[in-house]
Amino acid sequence: MSVIIDRIGEFAKYTNRSIRKVELEIGAANGTLSKAIGKDKDVHTKWIALFMEHFPEVNPAWLLTGDGNMLLPTQKPGESEQRPSHQFDEPMVEYQSKIIEQHKEVVASLKQVIAALEGQLKEKEIIVQLKDQIIANLEEQVKVLSKG
């Protein structure tokens, strides 16, 4: 099983680029990729992300897993521009729909909490009104007693 760095090397060879040229294009220091290839080690995800950013024609599924074609299908003139579809799209859509459902559940729960708090607030307002009435009655009684 080849590793990501080997596939970056394959891409460089396929496009007649030196590894140093790929390093320069992604902004990596001299040896960042070539040392990893020489030691059969993988590289930091930062460099993989920059590689994908600078070479959008590379199939991400191929780069990460080795499955599929090295390059994404090219768009023919006159075709409408669409985002390429690959095996990672479906799980992302499923993940996003689960997040949306969770957010809806949170919103529904918060609405119930708000309704309960509004009910408590109304009860407390009634208690305050009753206490105000009691205070007013007591003040009236004090006035009557102090006159008499």
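Residues numbered from 1 in each chain as written. Predicted model: local features only at pLDDT ≥ 70, side-chain atom pairs only at ≥ 80, totals over all residues. Heavy atoms only, no water.

1. Some thoughts on the nonpolar core
In this structure, Ile8, Leu33, Phe51, Val58 and Leu63 are the most contacted members of the largest nonpolar core, which totals 21 residues. Put simply, the parts of the chain that give this core at least two residues each are helix H1 (4–14), helix H2 (19–26), helix H3 (32–38), helix H4 (45–54) and helix H5 (60–65). (Core = buried A, V, L, I, M, F, W, Y, C linked by side-chain atoms within 4.5 Å. Buried < 20%, exposed > 50% of the residue type's maximum accessible area, 1.4 Å probe, protein only. Helix = DSSP H or I, 4+ residues; strand = E, 2+ residues; numbered from the N terminus.)

2. Description of the environment of Ser18
Mapped onto the fold, Ser18 is located in the loop between H1 and H2. Distance in space between the C-alpha atoms of Ser18 and Ser34 is 9.5 Å, their sequence separation being 16 residues. In this structure the side chain of Ser18 is engaged in a polar contact, spanning 3.0 Å, whose partner is the backbone nitrogen of Lys21. (Polar contact = N/O pair within 3.5 Å; in protein donor to acceptor, adjacent residues only side chain to side chain.)

3. Details of the confidence of the model for the protein
With 83% of its residues at a pLDDT of at least 70, the protein reaches an overall mean of 80. Ranking the helices and strands of the protein by mean pLDDT puts H2 first, with 91, and H3 last, with 81. (pLDDT = per-residue confidence, 0-100.)

4. Quick notes on H4
Taken together, the buried positions of H4 are occupied by Trp47, Ile48, Phe51 and Met52. Viewed along the axis of H4, the buried residues span an arc of 140°, placing them on a single side of the element. Facing away from the buried side of H4, by more than 90 degrees, are the exposed residues Lys46 and Glu53. Contacts made by the buried residues of H4 are with H1, H2, H3 and H5. (Arc of directions from axis to C-beta. Contact = heavy atoms within 4.5 Å.)

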